Amino acid sequence: MLNATEFKQLVKQAPYKKVLPDAIYLHKSALEHAPEKLVKFIYAVANALKINEQEWDLVKLAKNAFRLSLLHYPDFFTESYPALKTAITIDLEKLSHRVTQYQQQDNPPILHRKETMISPDHECYATFKSITEEGERAGLYEQPRLIGFQQTWLRLIEKKGYTLIDGRLFRNTAAQKQEKPTGIEREKTAIVRHELSAPMKQLAKHGYLSGEYTVFDYGCGRGDDLRELEAHGIDALGWDPNFRPEDEKINSDIVNLGFVINVIEDQDERIAALINAWELTEKLLVVSAMLGNERTISQFKPYKDGVITSRNTFQKYYDQSELKHYLERVVDEVPITIAPGIFYLFKDKIEEQRFLAQRQRRHHQWQQLTAPTPTNEAQARLLITTNLPLFEDYWRHCLQLGRTPAATEFSQNDQLKHLAGSPRKAFKLAESYFDANEFQQAQALKREDLLVYFALSQFDKRKTYVSLPDELKRDVKYFFTQYQQAQEEAKALLFSISNKELIEQACIAAHKILPASVLNQGHSLILHKQWLVMLPAILRVYVGAAAQLYGELEPIDLVKIHITSGKVSFMIYDDFENSSVPFLVERIKVKMMEQDIDFFDYVDPIRQPPLLCKGNYLTPEHHLYLKQSRFDKRLAKLLQISTDIDTIMPRIEYEQLLNKHFKKVKNYSLICISSDKI
């Protein structure tokens with residue numbers, strides 16, 4: 001068998017291949033010319049997965065990763081531009097594989113330049129080469145990144161004035177068919193903003209609008225975001241085909257493609273916009289689009305793959321998983337879900353790992369340091385006492401990292417080393433002065449944070465150790481010794497979320513340690529989102545996996561962990577913080593087994609279920625806890641429900657019960673109402 005290093009070396013040696021920036025393609029017939037060891041390995045992988053020879057025709061070999069794909073093009077020799085039917089992608093580092101079917105897709109990937117994938121002595125080589133040459137003469141390969149999909153390719157052939165007959169190009173003699181103008185007014189989609197757009201708010205939240213990064217707004221509309229960014233001294237530029245067509249498109253650290261692809265009715269132009277934005281990106285591309293369901297779409301007139309709105313604009317409404325798959329297919333990168341309709345695509349892989357690690361890191365509040373304990377080492381005590389701010393800062397860094405900081409991670413390292421003699425001595429002094437148990441707790445928490453991060457990273461293409469940021473490499477070495485050990489433990493943690501017994505045990509344990517939660521025995525655990533970081537690691541991964549499908553949990557109030565069904569629900573309430581009986585306005589159910597999301601909105605107030613006994617989700621330290629608890633007891637008695645379980649009651653039933661007793665809720669009181677008003 002091969003290891004990753006040997007694999008990459010042998011891939012370079014393979015002749016008769018189509019070369020792309022990150023991979024090569026070979027037809028099965030060309031494998032006889034490839035290194036024997038590589039060929040045996042490919043067939044061994046196929047046999048291990050029980051994939052017979054009739055199920056693949058081409059192999060795609062990654063140049064910089066330990067990964068290959070077996071591709072099924074059944075019409076490779078009979079069609080000039082054959083369509084992909086099935087792709088089996090095998091990640092040899094993670095020992096996992098993914099099967100993607102394209103038979104039912106109306107715009108599958110297709111092949112070009114087939115002669116590059118076979119040997120020159122093959123009987124079809126000359127034919128394939130002539131097919132490519134006639135396409136070059138017709139100008140079909142001028143934008144190679146835009147021609148990888150069947151429908152886009154056929155439309156390009158038509159635009160160039162050609163017809164495809166039996167796989168060969170013939171110039172049209174008749175006038176080209178022109179699509180009837182629709183009168184769509186794209187400029188009307190550019191709304192006036194009085195605050196940052198949702199994608200820009202997410203960038204600000206994650207620290208990307210600090211002024212450290214340049215920003216380009218691709219499709220900036222009227223430029224309201226740009227005006228606000230410039231006011232903060234951020235290097236921000238933009239372009240828009242309607243409002244700023246003369247401005248230059250500039251490569252930037254961050255490119256924002258905000259609600260652009262959903263207003264472009266031409267599918268080729270939509271793909272071009274996405275690819276152009278990606279090519280301008282140095283570090284991070286942010287893509288956002290409108291989400292909608294059948295109910296939303298049914299209000300408008302269908303047009304192409306979207307609708308014409310009442311304002312005579314085009315809208316292509318996506319669902320969350322459809323948008324993610326579309327981005328992955330066009331850009332060939334795995335998007336990171338940030339919020340509904342908002343995704344990050346990182347071109348800078350170090351920055352991507354830094355973002356993902358930071359996303360899973362708990363922000364410990366180490367404000368109050370424990371009081372110093374007496375020691376017999378008078379000189380050490382005196383040294384720390386006379387330099388207390390320095391040692392307090394150093395100890396705070398140790399607690400935040402869960403380990404001793406490297407020289408580059410502590411700005412006053414030279415001064416500390418001068419006083420203590422070495423980093424090791426400095427830590428021993430600090431540990432004897434402060435609380436060693438506090439450091440042990442910080443170590444355990446940081447190690448768990450890292451396991452959660454690595455477990456959730458398994459959903460995407462796993463990064464090599466070399467690609468990790470330096471601070472993460474130090475964490476791996478300190479907490480796990482080897483990267484492989486970290487990955488193995490993380491994989492075991494990830495696989496454990498499918499064990500219903502472990503999930504139930506973790507929910508029971510979490511209910512005992514959380515400041516506030518509701519446990520529905522054998523069914524679910526409900527908690528406020530602020531306590532997610534206190535959950536056992538298995539539940540953090542369980543909820544984190546759901547969040548990777550949904551996005552950031554900022555608008556969420558309560559989280560329900562379903563014990564047996566493999567689901568997580570996120571609930572948003574109307575004024576959760578201040579209302580004694582908040583009403584549910586949106587519920588998001590993430591079905592992890594199906595990798596799908598159901599959105600339930602309660603726009604109609606009569607359909608909004610009340611949250612009864614809200615005090616179960618507040619801590620005794622909360623400023624409204626006593627008032628809420630007393631109110632909950634009175635309301636529960638009136639409604640004849642228990643205060644310590646999750647009671648689901650339709651709003652109409654809730655209001656009928658109140659009216660039955662001539663009561664209404666006002667703030668945290670039950671007010672009597674006269675019967676003649678009912």
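Note that the structure is predicted; figures quoted are calculated from it, not measured.

Here the focus is the overall build of the protein chain. Along the protein chain, the regular secondary structure elements total 21 helices and 25 strands. Across its three principal axes, the protein chain shows a C-alpha extent of roughly 85 × 85 × 55 Å. By the burial criterion, 49% of the 678 residues in the protein chain qualify as buried. Across the protein chain, contacts joining residues at least 24 apart in sequence account for 61% of those joining residues at least 6 apart. If you sum the accessible surface of the protein chain, you get close to 33,900 Å²; carbon and sulfur atoms cover 50% of it.

Summed over all chains, the structure comprises 30 salt bridges. Glu489 is the salt-bridge partner of Arg447, the closest N and O atoms lying 3.0 Å from each other. Of this pair, Arg447 sits in helix H15 (residues 436-457) while Glu489 sits in helix H17 (residues 483-496); the two residues are 42 residues apart in sequence, bridging distant segments of the chain. Residue Asp646 pairs with Lys560 through a salt bridge whose shortest N-O separation is 3.7 Å. Here Asp646, found in the loop between helix H20 (625-639) and helix H21 (651-660), pairs with Lys560, found in strand S20 (residues 558-562); they are 86 residues apart in sequence, far enough to count as distant. In this structure Lys560 comes out as buried when scored by relative accessible area, which is 11%. Taken together, the shared-partner salt bridges connect Arg403, Glu409, Lys446, Arg474 and Asp475 into one network.

Attention shifts here to the sheet that holds strand S23 (residues 596-601). Taken in spatial order, the six strands make up an open sheet running S18-S19-S20-S21-S22-S23, and their pairing is antiparallel. Looking at the sheet topology across the chains shown, the edges are occupied by strand S18 (518-520) and S23. The sheet shows a mean angle of 15° between the axes of neighbouring strands, taken without regard to direction. Where S20 meets strand S21 (residues 567-574), four bridges bridge the pair, whose relative direction is antiparallel. If you follow Lys560 over to S21, its bridge partner there is Ser569. This element, helix H18 (residues 500-513), spans S18, strand S19 (524-528) and S20 of the sheet and lies at about 150° to S18.

This next bit is on H17. If you check H17, its first and last C-alpha atoms are 20 Å apart, about what 14 residues at 1.5 Å a residue would give, namely 20 Å. All of the buried residues along H17 are Tyr483, Ala486, Gln487, Ala490, Lys491, Leu493, Leu494 and Ser496. Residues of H17 that are buried in the fold lie against H15, helix H16 (470-480), H18 and helix H19 (537-550).

Once that is clear, we can look at the packing of H15 against H17. Between H15 and H17, the shortest axis-to-axis distance is 8 Å and the interhelical angle comes to 75°. Taken together, H15 and H17 sit at an angle that is classed as roughly perpendicular. Here Arg447, Leu451, Val452, Phe454 and Ala455 of H15 lie close against H17, whose contacting residues are Tyr483, Gln485, Ala486, Gln487, Glu489, Ala490, Leu493 and Leu494. Looking at the contact of H15 with H17 residue by residue, the classes come out as nine nonpolar, two polar and two charged.

On to the confidence of the model for the protein chain, then. Predicted confidence across the protein chain gives a mean pLDDT of 87, with 91% of residues reaching 70 or more. pLDDT under 50 marks residues 174-181. Its contacts with residues more than four places away, or in other chains, come to seven contacts. Long-range and interchain partners of residues 363-376, a stretch whose pLDDT sits below 50, account for 24 contacts in this model, where long-range means more than four residues apart.

Rules used in this analysis
Residues numbered from 1 in each chain as written. Predicted model: local features only at pLDDT ≥ 70, side-chain atom pairs only at ≥ 80, totals over all residues. Heavy atoms only, no water. Helix = DSSP H or I, 4+ residues; strand = E, 2+ residues; numbered from the N terminus. Buried < 20%, exposed > 50% of the residue type's maximum accessible area, 1.4 Å probe, protein only. Contact = heavy atoms within 4.5 Å. Areas by Shrake-Rupley, 256 points an atom, 1.4 Å probe, with all protein chains shown as cover. Salt bridge = Lys/Arg side-chain N within 4 Å of Asp/Glu carboxyl O. Pairing = 2+ DSSP bridges. Axes fitted to C-alpha atoms, helices over the stretch in contact; angles between N-to-C directions. Expected span 1.5 Å × (residues − 1). Parallel < 35°, antiparallel > 145°, perpendicular 65-115°, else oblique. Nonpolar A, V, L, I, M, F, W, Y, C, P; charged D, E, K, R; others polar. pLDDT = per-residue confidence, 0-100.

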